[in-house]
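Secondary and tertiary structure notes
Chain residues, written in single-letter form:
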Amino acid sequence: MAVLDGIRVLDFGRYIAGPFCAALLADLGADVIRLEKVGGGEDRFLAPISSSGEGAFYVQVNRNKRGMTLNPRSTDGKEVLRKLVATADVVVANLPEAGLVALSLDYESLKTIKADIILTSISAFGPDGPSSHKLGFDAIGQAMSGIMYLSGSPGQPTKAYSPYVDFTTALAATVGTMAALSVRGQTGQGQEVKGSLLASALTIANSMLIEQAIVRPNRVASLNRSQTQAPSDAFQTSDGWVLVQCIGQPLFERWANLMGEKKWLTDPRFTNDQLRGENGTVISDRMATWCRDHTTVEALQALEVARIPSAEVMSPQQALDDAHIQASHFFTGVGFPGIDATVPVAEAPFKLTETPTEIFRRAPLLGEHTESILTDLGYSKAGIAALRDHGVI
């Protein structure tokens, strides 16, 4: 038995935050229906990998779902939406409040159809404040939280390549949705779960914002070098790069012994993590000299023997080929029309020993399950054909 057997989710999400939240609910056993506009949502075609144009993000965050098209603004579309909501437990939508209202997906509208409905709404800026109406993507959160300012080099703010704010928001929204389902199971009452990209980014950045508020260090970017411990940096070897991260006195002692710098253990510049971070350039320079004289394999072997956390800085292909990643079964190979190879889709980022998750269905083609879903709602073949002729589906 899956955790969310019997739970139906309507997914009006786009791009990553909403759809990945719904995907995790599907991984947990919910019947998730992705609804998108008749011509297909723009997020379907981002970073295309199939002959029909479906993209890498779409294939990842829409696994385990059924898919249908719908124009919810039309009269007939509104009736289809009403019937769908009446069968649902959760609606996921990542739009500002005004967008939700325009589509009758706001909580007040939904609960007139299903009193115990749960709405998981995700916006860029959150429900309050002068920017609450604005649209935004992952990098907006990176930029506004201070994270982008402290990444890269001084004078060159740098965002992360992968949209981690989107995925963090999806994870947070999933936790909120599961909590709301738990409460509903106890009280019978639905509610709205509100998440935002900015809230997620500020959560990730909170410790550095706390530090700034209290002691005002006014930090600037230092590329890969940490400013609060050392050595914690990326280092070039004779044939690649490694990332080394020492936090705490025991790790620093092991590193100093490895470097042959036992005198640094009594050096007042390196007494604790904070001082080592402040003097991190000296420590990084020493580590860089050592790394240049070793291959990546040699460096990692020596660091492992010394029990110092480290890893090779891998390219995407190296990550796919890595023996540990392959042996850990993080990915499930999924077939998809128009792609000759299987797609390595990441499993849910958690494991349940008694009720395991699984990827059992590829992401749907455009409108792939529209007819079967409408049939279950009571529409006849003639009625479905009429909806299609009128551009409702």
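Here is what the cut-offs are and how they apply
Residues numbered from 1 in each chain as written. Predicted model: local features only at pLDDT ≥ 70, side-chain atom pairs only at ≥ 80, totals over all residues. Heavy atoms only, no water. Phe/Tyr/Trp six-rings, centres within 6.5 Å; stacked < 30°, edge-to-face > 60°. Helix = DSSP H or I, 4+ residues; strand = E, 2+ residues; numbered from the N terminus. Buried < 20%, exposed > 50% of the residue type's maximum accessible area, 1.4 Å probe, protein only. Lys NZ or Arg CZ within 6 Å of the ring centre and 35° of its normal. Pairing = 2+ DSSP bridges. Axes fitted to C-alpha atoms, helices over the stretch in contact; angles between N-to-C directions. Contact = heavy atoms within 4.5 Å. Core = buried A, V, L, I, M, F, W, Y, C linked by side-chain atoms within 4.5 Å. Parallel < 35°, antiparallel > 145°, perpendicular 65-115°, else oblique.

1. Notes on the packing of aromatic side chains
Taken as a whole and judged by the stated rule, the model has 6 aromatic pairs. Measuring from ring centre to ring centre gives 5.1 Å for Phe20 and Phe167, while their planes differ by 75°; the resulting arrangement is edge-to-face. Here the residue Phe20 occupies a position in helix H1 (residues 17-27), and Phe167 occupies one in helix H7 (residues 164-187), the gap between them amounting to 147 residues. Considered together, Phe20 and Phe167 belong to a single accessibility category, that of buried residues. An aromatic cluster is built from Phe252, Trp255, Trp264 and Phe270, whose rings are joined through pairwise contacts. In this structure, Arg276 is placed above the aromatic ring of Phe252, and the distance from its NZ or CZ to the ring centre is 4.4 Å.

2. Here we look at the sheet that holds strand E10 (residues 241-245)
As summarised here, the arrangement of the 3 strands in space is E9-E10-E11, forming an open sheet in which the pairing is antiparallel. One side of each edge strand has no neighbouring strand; the edge strands of this open sheet are strand E9 (232-236) and strand E11 (310-312). Within the sheet, the average angular offset between the axes of one strand and its neighbour, ignoring direction, is 20°. Contacts between helix H12 (residues 280-292) and the sheet are confined to E9 and E10, with E9 contributing the most and set at about 30° to the helix.

3. With respect to unusual backbone geometry
In this structure, the amide linkage connecting Ala230 to the following residue, Pro231, adopts the cis form with an omega of -5°. In this structure, Pro231 sits in the loop between helix H9 (206-215) and E9.

4. Considering the nonpolar core
The biggest cluster of nonpolar side chains holds 33 residues, and the ones touching the most others in it are Leu4, Val9, Phe20, Leu25 and Ala30. Of all the elements in the fold, those that place two or more residues in this core are H1, strand E4 (90-93), strand E5 (118-123), H7 and helix H8 (197-204). Of the residues forming this core, the biggest block, 8 residues, is contributed by H1. Every residue in contact with Val9, bar those within four places of it in the chain, is listed here: Leu25, Ala30, Asp31, Val32, Ile33, Val90 and Val92. Of all hydrophobic cores here, the second largest spans 28 residues; its members include Met68, Val85, Tyr107 and Val392.

5. Some remarks on the packing of H7 against H8
Direction vectors running N to C along H7 and H8 enclose 100°, while the axes themselves pass 9 Å from each other. In this view, H7 runs roughly perpendicular relative to H8, as classed from their interaxial angle. Mapping the contact onto sequence places Tyr164, Val165, Asp166, Thr168 and Thr169 in H7 and Leu197, Ser200, Ala201 and Ile204 in H8.

6. Section: the pairing of strand E12 (residues 331-334)
Of the two faces of E12, only one is covered, namely that formed by Thr332 and Val334; the face formed by Phe331 and Gly333 stays uncovered. Note: E12 against strand E13 (residues 343-346), 4 bridges, orientation antiparallel. Residue pairing across strands places Thr332 opposite Val345, the latter belonging to E13.

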